[in-house]
Amino acid sequence: MSETHMPLESMMSNCTDATTPACSKTTTPACTHSVASGSSLQLQTALVTGGSRGIGRAICVALAQQGCSVAINFAGDAAAAEETMQLCQEAARDAGHTSSRFAAFQADIAIASECERLHTEVCETLGSPNILINNAGITRDNLIMRMTLEDFDAVLAVNLRAAFQLCKLASRFMLKQRQGRIINITSVVGLSGNAGQANYAASKAGIIGLTKSLAREFAGRNVTVNAVAPGFIDTAMTKVLNEGNRGKLLESIPLQRLGTPQDVAATVAFLSGKEAGYITGQVIAVDGGMTMQP
Ligand code: NAP
């Protein structure tokens, strides 16, 4: 995991809106935060962690399609984050949203001070986010006998502690505004457990506890907090599966296919919108029916 920081200059040059090739903090008006009308997320600003690829990228694009400005966080892959930004611009332009803005922010959210820096830079560049998507996640799989404390701590730091920290940082503005959406990406493994993933499953179960607790804390201020639990989604994270395991997995999925990042993103975009205003503290599985209860 890279700990180098993208210089502010280059971060700023990555700030683009849907109509012009570049914008700067001084020339672009800060986003205002009124309640979105209809299904549109116009005038909303989202911070998406791990937006450079996979599910995070699809979430950024889905939000851009709805007119949202998006802060795209990434750890090390600046080129991939740049690509996400371009896809967001195209999606916004195709949907006729002309005032959305997009910027990429390098920050290793495993480091506590990096979460603070990320939040500050997003506020300064795009305005305080009123939608937070805690998506970044890593795995360090092993049976517990071989799992080191470092492997456990590393996974918990990205998957759970950073989500806690960003919820704390971003909710201050949301609570003041009496409007906000927090969506935490958990996993079906957080519901069922999985051999070889004690650290990952613990982090994802922790995300569910965090989500439900904050949903209760924030409900009185019209800030909703939900979790989305993907099943097996076709991304870099699941590319490591061999054909045999992939085949076995498919047998356990009633819809008989792996999910796509877009399947997950559509649910996140819905939960981010006005229509989802009466949903809080829920865990929505996007898993092809894998975890359906009898
Ligand atoms: P992925 O393709 O591996 O992408 C992970 C993303 O997280 C990348 O954008 C990466 O940035 C970022 N990231 C990793 N460590 C980071 C750190 N320390 N600081 C900031 N960003 C960091 O993962 P994915 O499959 O899209 O998964 C996204 C989320 O869905 C995760 O929370 C995962 O646990 C969850 N999920 C996935 C599946 C699945 O089947 N794929 C199933 C259930 C749940 P860089 O590109 O810069 O490294």
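Here, the structure is the one placed above.
Residues numbered from 1 in each chain as written. Predicted model: local features only at pLDDT ≥ 70, side-chain atom pairs only at ≥ 80, totals over all residues.

### As for the site of the ligand
Okay, step 1: With respect to spatial proximity, 31 residues lie near the ligand, and among them G50, G54, G137, T235 and M237 are the closest.
Okay, step 2: Breaking the shell around the ligand down by element, the ones donating at least two residues are helix 2 (54-65) and strand 3 (69-74).
Okay, step 3: Take the shell around the ligand: its biggest share by element is 3 residues, from helix 2. (Near = placed C-beta within 6 Å. Helix = DSSP H or I, 4+ residues; strand = E, 2+ residues; numbered from the N terminus.)

### Concerning the packing of helix 4 (residues 112-126) against helix 5 (residues 149-177)
Okay, step 1: For the pair helix 4 and helix 5, interaxial distance at closest approach is 10 Å and the crossing angle is 35 degrees. In the crossing of helix 4 with helix 5, the sense of the turn from one axis to the other is right-handed. Counting all contacts with helix 4, which are made through A112, C115, E116 and H119, the residues of helix 5 involved are A162, Q165, L166, L169 and A170.
Okay, step 2: Residues belonging to the contact of helix 4 with helix 5 are distributed by class as follows: 6 nonpolar, 2 polar and 1 charged. (Axes fitted to C-alpha atoms, helices over the stretch in contact; angles between N-to-C directions. Left-handed = near helix turned anticlockwise from the far one by under 90°. Contact = placed C-beta atoms within 7 Å. Nonpolar A, V, L, I, M, F, W, Y, C, P; charged D, E, K, R; others polar.)

### So, the packing of helix 2 against helix 9 (residues 261-272)
Okay, step 1: It is the contact of helix 2 with helix 9, at a shortest axis distance of 8 Å, that shows an interaxial angle of 45 degrees. Between helix 2 and helix 9, the angle falls in the class oblique. Considering only the axes of helix 2 and helix 9, their crossing is right-handed. Judged by residue contacts, G54, I55, R57, A58, I59, V61, A62 and L63 of helix 2 engage P261, Q262, V264, A265, A266, V268, A269 and S272 from helix 9.
Okay, step 2: Of the residues belonging to the contact of helix 2 with helix 9, the class tally is 12 nonpolar, 3 polar and 1 charged. (Parallel < 35°, antiparallel > 145°, perpendicular 65-115°, else oblique.)

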